[in-house]
Amino acid sequence: MTISKTQRGRAAAAVSLTAVLALTATACGDDGSSSGGDGSGKGEITFWDNNGGPRTAIWTEIIKDFEKKYPDIKVKYVPIPIADVQSKYDTAIAGGGLPDVGGVGTAYLANMVSQEALEPLNKRLEGSTLKGKLVDNMVESVTAAAGRGDDMYSLPTSANNGVLWYRTDLFDAAGLDAPSTWTKFYEAAEKLTDAKNNKFGYTIRGGAGSIAQALDAIYGQSGITSFWDGEKTTLNDPRNVEALEKYAALFKKTTPAADVNNDFTKMVAQWDTGTIGMLSHNLGSQQDHQKALGEDKFAGIPAPIGASGTRVQVSNPVDGLGLFRSSNNKDAAWKFIEFAASHESNSKWNKSAGAIPANTEAAKDPWIDETESTSLAAKALTDGSTKIVDLPYYLPDWNNISKADNEPEFQKVLLGKTTAKAFLDKMAGELNEANKEWQELGNG
């Protein structure tokens, strides 16, 4: 049976309403256990890392520092693979077993807020040492993504940025300029391709996570700077359709055929060990490139500049830490959040991850300028030179629409089984319906 987006939206609203009623009913009892409590500020808290594995080592170090400062608090660390994090949270929300603190990105924040899983953080932040020390646009991003007015349900810790990585050695040998514009990008993709000898100009993401990369490419080329035009999305604007047609046409012409199934892990590994000219990913893969290629064979720049002369890119999810409503030790959990977002810890974490700190003091640390790609990315996000197309993370169904529901459809575009227009029309229709439902529930 096929479930329409309208049915799914109503089901999500019903789940949310049921959760609210359940919380209200139990809160009227003597223990109020389902809505948790502040606790003693001591004891054990459980922390779920939303990118367990790649970030385990740095979180282990930060937790050790935290426990040294707060010897009366112990942190139980649980690494959750990034691909499983939303389903893990949904399962725990439905059946119990949520942590006290967890990594919560803006891509799935609204879904968790709609299920009343998270505690608003405004009052705690107001009385915190972090007050006034968080990057404004990251605070605005997590607040908007929650879809609850001025209430903030995730304390921002970092932002990533899209990077066009390119092999400087291959570019130099071919006499090519850096791919700083889309015209130069397409020129390099073609010139660096020698398919018979397994050399390609670009690797395109066709597996998990493909939609975000495709949106970056189409808005970057079309120059459209808003995701909405009134109540309708600009996604299927003819200029975006034309951009996607050109971008998708790279597949198997200047890219490996295996790209149709490649997620970021496979794509990065393929680029690091092969002779592919360019890769679109983010700052997080820089250390992988350094280990595989050394520092002299690659460089990273923000998204290419379009025909308008302006760089346009879609918003990247802001990562953060959420305090769960069901926690019985919220004071201790907040101490951990506050510590993790402090200058030293936030700088340490973001340096390890190759991301941009949310703490304003950490964002000024010297290591930011030590790496050109990080420095350029930070400037692109803060100096006003880049127009950001804000994706609607606040829609409860955004993650489903932009991932599981349409990633297979994007593969069909690459394989020539459907057109760019049909793909964008389908996704736009789903987003328009989701936005209408969201507004009918009193939002917007």
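About the thresholds
- Positions within a chain are numbered from 1, following the residues in the order the chain's sequence is written.
- Owing to the predicted nature of the model, reporting of local features is limited to residues with pLDDT of at least 70; listing and counting of side-chain atom pairs is limited to 80 or more, with chain, interface and lining totals taken over all residues.
- To obtain the side-chain values, all non-hydrogen atoms of the structure were used and water was disregarded.
- Nonpolar cores were defined as sets of buried Ala, Val, Leu, Ile, Met, Phe, Trp, Tyr and Cys residues, with membership established by side-chain atoms within 4.5 Å.
- For every residue, the accessible area (1.4 Å probe, protein chains only) is compared with the maximum for its type, and the residue is labelled buried under 20%, exposed over 50%, or partly exposed between those bounds.
- To qualify as a helix, a DSSP run of H or I must reach at least 4 residues; to qualify as a strand, a run of E must reach at least 2; elements of each kind are numbered from the N terminus.
- Here, two residues are considered to be in contact whenever any of their heavy atoms come within 4.5 Å of each other.
- Every residue carries a pLDDT, the predictor's confidence in it, which falls somewhere between 0 and 100.
- Only strands joined by at least two bridges in the DSSP assignment are considered to pair.

### Comments concerning the nonpolar core
So, step 1. Judged by nonpolar contacts, the single largest core of 71 residues is most densely connected at Tyr202, Tyr219, Leu235, Met278 and Leu431.
So, step 2. The element best represented in this core is helix H19 (residues 420-440), accounting for eight residues.
So, step 3. If sequence neighbours within four positions are ignored, Leu235 has contacts with Leu215, Ile218, Tyr219, Asn240, Leu424, Met427, Ala428 and Leu431.
So, step 4. Grouped together as the second largest cluster of nonpolar side chains are 51 residues, Val135, Val163, Ala333 and Ala355 included.

### Points about the confidence of the model for the chain
So, step 1. For the chain, per-residue confidence averages 89 on the pLDDT scale, and residues scoring 70 or more make up 91% of the total.
So, step 2. The model gives residues 1-33 a pLDDT under 50, and that stretch makes 33 contacts with residues more than four places away or in other chains.

### Let's talk about the sheet that holds strand S3 (residues 101-103)
So, step 1. As summarised here, the arrangement of the six strands in space is S2-S1-S3-S12-S4-S13, forming an open sheet in which the pairing is mixed. For this open sheet the edge positions go to strand S2 (73-79) and strand S13 (356-357), each flanked by a neighbour on one side alone.
So, step 2. Strand direction decides the pairing type here: S3 and strand S12 (residues 318-323), joined by three bridges, are antiparallel. Across the sheet, Val101 pairs through a bridge with Leu323, a residue of S12.

### Description of unusual backbone geometry
So, step 1. Of note, the phi angle at Asn198 is positive, near 60°, even though the residue is not glycine.
So, step 2. With respect to the helices and strands, the residue Asn198 is situated in the loop between helix H8 (182-191) and strand S6 (200-203).
So, step 3. Classification of Asn198 as exposed rests on a relative accessible area of 56%.
So, step 4. Backbone geometry places Lys252, a non-glycine residue, at a positive phi of 70°.

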